[in-house]
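# Structural overview for review
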Amino acid sequence: FPSHDILLYIRRGSKHDTVFANLDKLIEMKELHPEKQYTVSICYTHSIYNAYDTGEFIKFLDENGYLDKLDDVIINYAYSDINSVAMLPDYAKLELKQKRHSDMNTPWMQKFFSKFQGTENAFKQIDALIDTQIDQNTIHHFKQYQRLTYDKFSSSFPWWSGIS
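Residues numbered from 1 in each chain as written. Predicted model: local features only at pLDDT ≥ 70, side-chain atom pairs only at ≥ 80, totals over all residues. Heavy atoms only, no water.

Turning next to empty space enclosed by the protein. If a probe the size of a water molecule is rolled over the atoms, the empty space left behind becomes visible. What the rule picks out here adds up to one cavity of 30 Å³ or more. In this structure, the largest cavity occupies an estimated 40 Å³ of space. Residue lining of the largest cavity: Tyr44, His46, Thr54, Ile58, Ile75, Met109, Phe112, Phe123 and Ile126, and that is the complete set. At the level of elements, β1 (41–46), α3 (54–63), α6 (107–115) and α7 (119–130) are the ones that each hand at least two residues to the lining of the largest cavity. Its residues assigned to classes, the lining of the largest cavity shows seven nonpolar, two polar and no charged. (1 Å grid on protein atoms, 1.4 Å probe; cavity = no way out; pocket = protein on both sides within 12 Å on 5 of 7 lines; lining within 4 Å. Points joined across faces, edges and corners; volume = space filled by probe spheres on them. Helix = DSSP H or I, 4+ residues; strand = E, 2+ residues; numbered from the N terminus. Nonpolar A, V, L, I, M, F, W, Y, C, P; charged D, E, K, R; others polar.)

In structure tokens, the structure reads:
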């Protein structure tokens, strides 16, 4: 799962291991003090950066026990043109939708949908965002900016950086 590079790229200074170590501490605190009725939730913001890896992220959460321990997962969407999956060219939108539909049938996604109310509907609503039309020059400018500004663009986002 490429989240290490993705997280550092999207949230400069963030470290995957630190984020999940902190999440582990919150879950431990909740489990050690049930009388306090703590809840532990995460918010997953779907954007151009992580769109292709949503299924892998949910699989990571499942394989590491987080789906069983979290109280809620909220799905948020990035709407601005430079963060939206709508900036993808049509062929990449089709590829992304096919992958997402395939991901929906995996055991970890089914577990995710059944445990966290509203996530399946939120996941499906992303398809409408994918089909939104944005000026195709936006993608060219975005990619040029990313390549000039950050040296890890291609390694962090192999699928996204391969789109022309």
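Here we take up the packing of helix α5 (residues 90–104) against α7. Packing of α5 against α7 brings their axes to within 10 Å, and their N-to-C directions diverge by 170°. As the angle between them shows, α5 and α7 are arranged roughly antiparallel. Residues Lys93, Leu96, Lys97, Arg100, His101 and Met104 of α5 touch α7, and the partners they reach there are Glu120, Phe123, Lys124, Ile126, Asp127 and Ile130. Considered class by class, the residues forming the contact of α5 with α7 number five nonpolar, one polar and six charged. (Axes fitted to C-alpha atoms, helices over the stretch in contact; angles between N-to-C directions. Parallel < 35°, antiparallel > 145°, perpendicular 65-115°, else oblique. Contact = heavy atoms within 4.5 Å.)

Let's shift gears to α7. Between its first and last C-alpha atoms α7 spans 17 Å; for twelve residues at 1.5 Å apiece the expected length is 16 Å, and the two agree. Against the buried residues of α7 lie β1, α3, β2 (72–77), α5 and α6. (Expected span 1.5 Å × (residues − 1).)

Judged by nonpolar contacts, the single largest core of 36 residues is most densely connected at Leu23, Leu61, Tyr66, Leu70 and Phe112. Elements with a minimum of two residues in this core: α2 (16–32), β1, α3, α4 (66–69), β2, α5, α6 and α7. Top contributing element to this core by residue count: α7, with five residues. Setting aside anything within four residues of it in sequence, one finds Leu70 in contact with Leu23, Val40, Ile42, Lys115 and Phe116. (Core = buried A, V, L, I, M, F, W, Y, C linked by side-chain atoms within 4.5 Å. Buried < 20%, exposed > 50% of the residue type's maximum accessible area, 1.4 Å probe, protein only.)

This part takes up the packing of aromatic side chains. By the definition in use, this model includes seven aromatic pairs. With a centroid separation of 5.3 Å and 20° between ring planes, the pair formed by Tyr44 and Phe57 is classed as stacked. Note that Tyr44 is positioned in strand β1 and Phe57 in helix α3, a separation of 13 residues in sequence. Accessibility classification places Tyr44 together with Phe57 in one group, the buried group. Seen from their ring centres, Phe112 and Phe113 are 5.8 Å apart, and the 50° between their planes marks the pair as tilted. The same class applies to Phe112 and to Phe113, which are both buried. In textbook terms, an aromatic cluster arises when at least three aromatic residues are bridged by ring pairs, as seen for Phe112, Phe113, Phe116 and Phe123. Against the face of Tyr52 rests Lys99, its NZ or CZ located 5.1 Å from the ring centre. In this structure, Arg100 packs its charged tip against the face of Phe123, placed 3.8 Å from the ring centre. (Phe/Tyr/Trp six-rings, centres within 6.5 Å; stacked < 30°, edge-to-face > 60°. Lys NZ or Arg CZ within 6 Å of the ring centre and 35° of its normal.)

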